[in-house]
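# Chain and residue survey
Here is what each chain is made of, one letter per residue.
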Amino acid sequence: MKGKITAVLFIIVFILVIAVICTFLTSFDRSKEPEPAETADVSEPTADPGDTQAVIATAEPVQTPAPTPVQATPTPAPTPTPTPAPDDTAEPTPVPTPAATPMPTEEPLPTNYESKELGSGSFRSDTGLYIDVRTDWTARTVSDNRAEIEVTVYLESFSIHLSPSDGGVNLNLAGEYVSLPTPGVQYDGHEQRVTELASKTFRVDLPVNSSNSFYLETVYNFGGTYGGVAIPAIENGGVISLSRN
């Protein structure tokens, strides 16, 4: 009797050992499985007392689908609107040309006309620097209605050096304006020298038995230094009064 009890206890112990080993092996296999995305409730069924092994139900892991990559659509860059180029073929608006003022017709002088002297005179500047401009004039009749005034401009100076000029002398007689060239001057003497700069003959209206006055202005564009003083220009002038019978 004692020997049977020992044998039964041995069998029970053996079965328990086998159950522990199976449980350990099952736990070991589950530790190697990946963690599921979502955990399902696992309920261990109650082992039937008549069975010698416990049955363990495991929930299969839920596979989480990988997100589908979204491809970004690039935003198109704005296309600049081209600026229209100016039309080079457009014809410019013509500028009206002012009508030319007709020049007065010069009265032809009669041939073999007996000319008469009407007078002469002179105008002189006063710079106070031993350099001055003198303007001489002479008037005479040339027809029954016209007269001529001859104007000559002189430079009075001591030692002086001048270059030629295209518009050195400006003359204005009764509103008629002219610009005249002047020659070069190279003088190193100690005596006063008189140099002719320019001359011009003007025609004016002066009928028989009439008189008239004409203003004469002379400007010499010196544009240099004399005696240590800068002189832009030298001027003189006055009124020429003429009368004829």
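Scroll up to find the structure this text is about.
The following refers to the structure shown. Source: prediction; values computed, not measured.

Here we come to the overall build of the protein. What the protein contains, in helices and strands, is one helix and twelve strands. Within the protein, buried positions represent 23% of all 245 residues. Sequence separation of at least 24 residues holds for 61% of the intrachain contacts in the protein that already meet a minimum separation of 6. Carbon and sulfur atoms make up 56% of the accessible area of the protein, which amounts to about 18400 Å² in all.

Once that is clear, we can look at the sheet that holds strand 1 (residues 117-124). For sheets, the rule is that strands pair by backbone hydrogen bonds, running either parallel or antiparallel. If you trace the four strands from one edge of the open sheet to the other, you get 1-2-3-8, paired in antiparallel fashion. The open sheet has two edge strands, strand 1 and strand 8 (193-205), and neither has a second partner. The mean angle between the axes of side-by-side strands here comes to 15°, regardless of whether they run parallel or antiparallel. Pairing of strand 1 with strand 2 (residues 132-141) involves seven bridges; the strand directions are antiparallel. Paired with Glu117 across the strands is Arg140, a residue of strand 2.

Below, the discussion takes up the sheet that holds strand 9 (residues 210-220). Spatially, four strands are ordered 6-5-9-12 in an open sheet, and the strand pairing comes out antiparallel. Where the open sheet ends on each side, the last strands, each with one partner, are strand 6 (176-182) and strand 12 (234-244). With strand direction ignored, the average angle separating the axes of adjacent strands in the sheet is 25°. By the bridge criterion, five bridges tie strand 5 (residues 165-173) to strand 9 in an arrangement that is antiparallel. By the bridge assignment, Asn170 is partnered in strand 9 with Val219.

This next bit is on the side chain of Glu148. As for its placement among the helices and strands, Glu148 is situated in strand 3 (residues 146-157). Within the structure, the side chain of Glu148 is placed 3.0 Å from the side chain of Arg203, a separation counted as a polar contact. In this view, Glu148 contacts Leu109, Thr138, Ala139, Arg140, Val142, Thr201, Phe202 and Arg203; residues no more than four positions away in its chain are not counted.

Take unusual backbone geometry next. Positive phi is not limited to glycine here, since Tyr130 has a value of about 60°. Within the element layout of this structure, Tyr130 appears in the loop between strand 1 and strand 2. On the accessibility criterion, Tyr130 (62% relative accessible area) is exposed. The backbone phi angle of Ala174 is positive, close to 55°, even though this residue is not glycine. Note that Ala174 resides in the loop between strand 5 and strand 6.

Here the focus is a nonpolar patch on the surface. A cluster of nonpolar side chains, namely Phe10, Ile11, Val13, Phe14, Ile15, Val17, Ile18, Ile21 and Leu25, defines an oily patch on the protein surface of about 830 Å² accessible area. By the element assignment, Leu25 lies in helix 1 (residues 2-31).

Moving on, we get to the pattern of salt bridges. Tallying each qualifying case throughout the model produces seven salt bridges. Asp132 is the salt-bridge partner of Arg124, the closest N and O atoms lying 3.5 Å from each other. In this structure, Arg140 and Glu148 form a salt bridge, with 3.1 Å as the shortest nitrogen-oxygen distance. On the basis of relative accessibility, which here comes to 34%, the residue Arg140 falls in the partly exposed class. A residue is classified by how much of its surface remains accessible, and Glu148, at 10% relative accessible area, is buried. Here the salt bridges do not stand alone but share partners, grouping Arg124, Asp132, Arg134, Asp136 and Glu156 into one network.

In this fold, Ser199 is placed in strand 8. Taking relative accessible area as the criterion, Ser199 reaches 40% and is therefore assigned partly exposed. Spatially, the C-alpha atoms of Ser199 and Asp136 are 9.4 Å apart, while their sequence positions differ by 63 residues.

Calculation criteria
Residues numbered from 1 in each chain as written. Predicted model: local features only at pLDDT ≥ 70, side-chain atom pairs only at ≥ 80, totals over all residues. Heavy atoms only, no water. Helix = DSSP H or I, 4+ residues; strand = E, 2+ residues; numbered from the N terminus. Buried < 20%, exposed > 50% of the residue type's maximum accessible area, 1.4 Å probe, protein only. Contact = heavy atoms within 4.5 Å. Areas by Shrake-Rupley, 256 points an atom, 1.4 Å probe, with all protein chains shown as cover. Pairing = 2+ DSSP bridges. Axes fitted to C-alpha atoms, helices over the stretch in contact; angles between N-to-C directions. Polar contact = N/O pair within 3.5 Å; in protein donor to acceptor, adjacent residues only side chain to side chain. Patch = residues over 30% accessible without salt bridge, like charges linked within 9 Å, V, L, I, M, F, W, Y side chains within 5 Å. Salt bridge = Lys/Arg side-chain N within 4 Å of Asp/Glu carboxyl O.

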